Amino acid sequence: MIAGDTLDTRRDENPLGPAGDRIAPVLASLVPLADPGLEAMRQSGALVVGEITNPWPNAKTFHYPDGSHAIMFFSGLIDFYECVAGTLYGAANLDRDGKVTNAALSMGDVVGNLKVLFEAWTPEGIAQDRIARIAQTPLSPGHAELTALLGKMALSFILSHEFGHVLYYQPPEDENPPPGLTLQQEAESDRAGSRNLLLAAYPDGIAQQRMSIAGVMVALRALAVLGELGHKFGASHPPPLDRLNIVVRALRGICASERDFWALSTIAYAYDEQLESAGAKAVGKIPPRRYDHAIARLLAILDTIVKRRKPPEVLLAGMRVDFEGLPDEDLGVLAGMAAILFPETPVKTNDEEQDKIWAAMSAFLHDSIAGFPDRAREVFQFAFNPSNQKKG
Amino acid sequence: MSITGCRNDALVKLLNADGYQPLIFPRTGLVAPWVYTYKPSKQPPKKRQLVPQGPLSDFLPPGTPEPQRRSGQLGDIEHHETDNKSTSAAGSFLGDALKCIGITSAPKLDLSFVDGSDISFSFEQVTYDGLDASKVNLLMPLVDFNSYAKEEQAYLYIAYEYAFAGKLTMRAASSISASFTAKAFQIGAYLDLGAQGQAKVESETTISFAGTNGVTAAFACKIGRLEKRGKRWFFFATEDPGEGFLADEGELKPFLLERGVVLRVEEQ
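Criteria and thresholds
- Residues numbered from 1 in each chain as written.
- Chains lettered and ligands numbered in written order.
- Predicted model: local features only at pLDDT ≥ 70, side-chain atom pairs only at ≥ 80, totals over all residues.
- Helix = DSSP H or I, 4+ residues; strand = E, 2+ residues; numbered from the N terminus.
- Buried ≥ 20, exposed ≤ 12 C-beta atoms within 10 Å, placed from the backbone.
- Contact = placed C-beta atoms within 7 Å.
- Rg over C-alpha atoms; globule rule 2.2 N^0.38 Å.
- Pairing = 2+ DSSP bridges.
- Core = buried A, V, L, I, M, F, W, Y, C linked by C-beta atoms within 7 Å.
- Axes fitted to C-alpha atoms, helices over the stretch in contact; angles between N-to-C directions.
- Parallel < 35°, antiparallel > 145°, perpendicular 65-115°, else oblique.
- Nonpolar A, V, L, I, M, F, W, Y, C, P; charged D, E, K, R; others polar.
- Left-handed = near helix turned anticlockwise from the far one by under 90°.
- pLDDT = per-residue confidence, 0-100.
- Domains from an automatic or database assignment.

Participant: Describe the overall build of chain B, naming the residues involved and giving the relevant values.
Facilitator: A tally of helices and strands in chain B yields 6 helices and 17 strands. Counting across all 268 residues of chain B, residues that qualify as buried make up 39%. Excluding contacts between residues fewer than 6 apart, the proportion of contacts in chain B whose partners are at least 24 apart in sequence is 79%.

Written out as C-alpha cells, the structure reads:
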C-alpha cells in the first residue's frame, strides 16, 4: 500500500543510522494494539510505523488515498528523548534491592544538558553537533537499561498519541480539505495515548506501569520546560504544560484509587521535578516547590524506610525542603493527601504484599508526625484528625 | 525505481534544494506540464517506476487556454559540480548524464585515461521552462483523470517545469596526472558519442560534451502531487505536511518523488 511504499522511499532517501529502526521495539511492545480497528489495519499493512532520518523533533501521521496510514518518527525527536532520558537517569542514584549505583551525572550536568538540548532545537531541526556536546558520561548497565526503558516509554506515549490521528481521520468527502485534529481532539489523543500506554503495561507488573507513567510525563514535561526556556510551540496543539495536566488527570482517572495513582507515579514525579527544577535553574529562577512533587517524595521516602533501605531519620531530612518551602495551602494539600493515602485503618486490597507495605508506611508516618517541625506538625495533625476528615 | 549516479551527490542535493527532481528522459522535446505515474511495479522486486502518461493538455477539455509560461536561466545550477568521483563511478555517471543532454547512446566511453584522478561534472547552459504551480492548480477544476481506475489515480503526478542543459562538462581535480593531460588531447581514441553528440577538450583539465543537433534536453523537473477531494482534483507543489505530535515549525519543502537520487523515466 502507499503508506508502506512511502515509508520505504523515505528510508531510501536517508538510510537509518546504525541503531536501525528505533521505533520497531516501541511498536512491538504495544502489539496487539488496544484498538481492534487499528490492529486490523496494522496486520493488513494499512498502518505502518517507523523511524525516518530527519533532524526535526516531531512524529507525523500521513494519510493516503488508498486508505493506508504511515506514522513516521523523525530521528530528531528520538535523539532528543534519548538525551532527556539519559540525562535524567544519569543523574539518578539507583537502588536495586539495597545495592546502590551512584549517579554518573550531577544536577549541574542536568541543568547544562537541558540548556544544550534547548540550543540544539534549531530551525533546521535537532542539531547533531550540539547534541554531541551533551554530557555523555558512560552509564552503568543498570542506568543504561532504565534510560532505554524511560526513552522507550516516552516514545510509546507519542506513538499512542499518533494512533489518535489515525482514529480521528476522516477522508475528504467534498472539496474541503480533510479537517485536521481540533485542540480538543489533540487533547483526547493525549488522553487516549496515556491511558492505552498504562493499560498495555498492566500485564507486565508495577515496574512497567511506573515507567509508562514516567515516560508520558517526561515526554511532555521536557517540552514544557523548553516552553519555559522561551521556545514557542505552534498554536495547533495545546501548550505542553496544558497537555501534561490533561494526561495527569487522565491517568489519575483510570487508576482504581488515589493510592494506586501515587504508587505508580513516584518515579514520574521525581523526574518531573528534576526536569522542572533544571529548567528553572537554567534561566536563573528558583525551582518551584509543588505539592504533587512533595507527595511523591513522601511516598518514596516512606517506602525506602519500611523496606529498611534508608534509616528512619531520612523522613525529616528528605521532607525538610517541602515542610519549609511549601506555601501553607500546598502544605495542607500534602497533609490532606497523606491522610487519604494513610488512614488510621489501613485499606485492604487484593494485593496483600502491598497492603502490608502500605500499613507499615502508614504506621511509621502516624508515629512520626509528632516530631515534624512546628508548622508541618500542626497541619498534619489537623489533617489526620478523624473529626476534621469527616468535615472534609 | 530506476536510479543512476551516486545517492545524495552534491549536484543532486542542490537540485533538490531548489525543488528539482533530477531525471533521465529517454527523449527530448518535452514541454511541461506533463502527467506521470510513479508507483511500484507489479513484478518483483517491485521497484518504483516513473512512467510518462502524456501532456496535461490530454486530460483537459479541448481548447482549454494554456496559462502564461515562465522560462529563464538557472545560473546557480549551471556552475555547480558533482562530488568528486572515482573512475568507475565517473564512467557510470557520465553515461547517465549524457542521456540527460540527449545523447542516449554513446558507442565508446572509456575513462581509463583519467588514471585515478577525481572527476566532477556540471551541467551548463541551463535553462528552465514551464508553468507556475499556482497556474497548474487553476486547471484542476477542468482536469479529467477518469480514464484511470480509482486505485491508479493515487499515483498520478504532474511535472510543471523542466530544467534543460545544453552542455555537460567533466573536470579533473586540480592535482591532475600528466597522463590525463596528454591523453585528453587524443580524446577521440577514448570517447565516441556517435552521431548524437561530440566531446571537446576545453583545457588541460576539462572536457565538454554537447549534442550535435543543438537541442537542449531536460535533466530535471519540478513535480507536484495530486489529491482528489470529492469530485475535484487539487494540485500541490509542496510536500504533504501530515499531522504531527507537535505543530510544524519549519516551512514545507517542495514536493519531490524521491530526494537524493536521479530517477529514470521509463516509457511503456
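Participant: Mind laying out the overall build of chain A, listing which residues take part and the relevant values?
Facilitator: Counting its regular elements, chain A contains 18 helices and 7 strands. Computed over C-alpha atoms, the radius of gyration of chain A comes to 22 Å, within 12% of the 21 Å expected from 2.2 N^0.38 for 392 residues, which places it in the range of a compact globule. Structurally, chain A occupies a C-alpha span of about 70 × 45 × 35 Å along its principal axes. Taking all contacts inside chain A whose residues are at least 6 apart in sequence as the whole, residues at least 24 apart take part in 67%.

Participant: Just give me the short version of the environment of isoleucine 295 of chain A, but keep the residues and values in it.
Facilitator: Residues and elements named next belong to chain A. Position of isoleucine 295 among the secondary structure elements: in helix α13 (residues 291-306). Exposure remark for isoleucine 295: the 24 C-beta atoms within 10 Å place this residue in the buried category. Considered as a pair, isoleucine 295 and serine 277 are 18 residues apart in the sequence and their alpha carbons are 16 Å apart. Among all residues touching isoleucine 295, those that are not within four sequence positions of it are Trp262, Leu334 and Met337.

Participant: Account for the environment of valine 225 of chain A, naming residues and giving values.
Facilitator: All names here are of chain A. On the secondary structure map, valine 225 appears in helix α9 (residues 206-228). For valine 225, a count of 25 C-beta atoms within 10 Å puts it in the buried group. Each C-alpha atom of the pair valine 225 and asparagine 385 lies 39 Å from the other, and the pair is 160 residues apart in sequence. Among all residues touching valine 225, those that are not within four sequence positions of it are Leu114, Leu275, Glu276 and Gly279.

Participant: Describe in detail the interface of chain B and chain A, supporting the description with residues and values.
Facilitator: Taken residue by residue, the interface counts 20 residues in chain B and 32 residues in chain A. Mapped onto the side of chain B that touches chain A, the elements with two or more residues apiece are β14 (217-229) and β16 (243-244) of chain B. Inspection of the sheet shows strand β2 (residues 59-63) of chain A paired to β16 of chain B by 2 bridges, in the antiparallel sense. Within β16 of chain B, the residue paired with lysine 60 of chain A across the bridge is glycine 244 of chain B.

Participant: Now, about the nonpolar core: what can you tell me, with residues and values included?
Facilitator: Core analysis: the biggest nonpolar cluster contains 184 residues, and Val218 of chain A together with Ala163 of chain B have the highest contact counts within it. Per-element accounting of this core gives the leading share, 13 residues, to α9 of chain A.

Participant: How would you explain unusual backbone geometry if you had to name every residue and give the values?
Facilitator: Here the amide bond leading from valine 31 of chain A into proline 32 of chain A is cis, since omega sits at 0°, within 30 degrees of zero. For proline 32 of chain A, the position within the fold is in the loop between α2 (24-30) and α3 (36-44). Residues alanine 32 of chain B and proline 33 of chain B are joined by a peptide bond in cis, for which omega reads 5°. The phi torsion at arginine 308 of chain A lies on the positive side, around 60°, for a residue other than glycine. In this structure, glutamine 125 of chain B is a non-glycine residue whose phi angle is positive, near 55°.

Participant: Describe the pairing of strand β3 (residues 69-74) of chain A, and please don't skip the residues or the numbers.
Facilitator: All names here are of chain A. Of all 6 residues making up β3, 6 are buried, and the element is well covered by its neighbours. Both faces of β3 are covered, namely the face carrying His69, Ile71 and Phe73 and the face carrying Ala70, Met72 and Phe74. Examined bridge by bridge, strand β1 (residues 47-52) and β3 share 6 bridges and lie parallel to one another. Counterpart to glycine 50 in the pairing with β3 is methionine 72. Looking at chain direction, β2 and β3 are connected through 5 bridges and run antiparallel. For threonine 61, the partnering residue across the bridge sits in β3 and is isoleucine 71.

Participant: I'd like a description of the sheet that holds strand β10 (residues 167-172) of chain B, backed by residues and values.
Facilitator: Residues and elements named next belong to chain B. The 4 strands lie next to each other as β7-β10-β13-β12, forming an open sheet whose pairing is antiparallel. The open sheet has two free edges, formed respectively by β7 (119-124) and β12 (197-201), since each of these has just one partner strand. Adjacent strand axes in the sheet meet at a mean angle of 20° when their direction is disregarded. Pairing between β10 and strand β13 (residues 206-211): 5 bridges, direction antiparallel. In the sheet register, lysine 167 faces β13, and the bridge partner there is alanine 210.

Participant: For the packing of α13 of chain A against helix α14 (residues 314-325) of chain A, give the residues involved together with the corresponding values.
Facilitator: Residue and element names in this part refer to chain A. The contact between α13 and α14 brings their axes to 10 Å, and the two run at 175°. Here α13 lies roughly antiparallel to α14, going by the angle between them. From α13, Ala294, Arg297, Leu298, Ile301 and Ile305 reach across to α14, where they touch Val314, Leu315, Gly318, Met319 and Asp322. Among the residues forming the contact of α13 with α14, the class breakdown is 7 nonpolar, 1 polar and 2 charged.

Participant: Outline the sheet that holds β3 of chain A, supporting the account with residue identities and numerical values.
Facilitator: Read from one edge of the open sheet, 4 strands run β1(A)-β3(A)-β2(A)-β16(B), paired in mixed fashion. The sheet is open, and its two borders are formed by β1 of chain A together with β16 of chain B, each paired with just one other strand.

Participant: I'd like to hear about the packing of helix α4 (residues 75-90) of chain A against helix α7 (residues 141-168) of chain A, residue by residue, with values.
Facilitator: All names here are of chain A. Running from N to C, α4 and α7 cross one another at 135°; their axes reach a closest spacing of 8 Å. Classed by the angle they form, the pair α4 and α7 counts as oblique. Considering only the axes of α4 and α7, their crossing is right-handed. Between α4, through Ile78, Tyr81, Glu82, Ala85, Gly86, Leu88, Tyr89 and Gly90, and α7, the contact on the second element is made entirely by His143, Leu146, Thr147, Leu150, Gly151, Ala154 and Leu155. Of the residues contributing to the contact of α4 with α7, the split by class is 9 nonpolar, 5 polar and 1 charged.

Participant: Account for the pairing of β2 of chain A, naming residues and giving values.
Facilitator: Residue and element names in this part refer to chain A. Within β2, 5 of the 5 residues are buried, leaving the element largely enclosed by the surrounding structure. Burial along β2 is two-sided: the residues Ala59, Thr61 and His63 and Lys60 and Phe62 are all buried. Two successive antiparallel strands, β2 and β3, enclose a turn made up of 5 residues, where glycine 67 displays a positive phi of approximately 85°.

Participant: Describe the confidence of the model for chain A, naming the residues involved and giving the relevant values.
Facilitator: Averaged over every residue, the pLDDT of chain A is 89; the share at 70 or more is 97%. The weakest mean pLDDT in chain A belongs to helix α18 (residues 386-391) of chain A at 66; the strongest belongs to β1 of chain A at 98.

Participant: Tell me about the domain arrangement of chain A, and please be specific about residues and values.
Facilitator: Residue and element names in this part refer to chain A. Domain annotation of chain A identifies domain 1 (78-283) and domain 2 (289-392). In this structure, domain 1 and domain 2 have C-alpha centres spaced 27 Å apart. In this complex, domain 1 contributes 12 residues to the contact, which on the side of domain 2 involves 11 residues. For the side of domain 1 that touches domain 2, the secondary structure elements donating two or more residues are α11 (258-264) and α12 (266-282). Element by element, the count of residues in the side of domain 1 that touches domain 2 is highest for α12, at 5 residues. Its residues assigned to classes, the side of domain 1 that touches domain 2 comprises 4 nonpolar, 3 polar and 5 charged.

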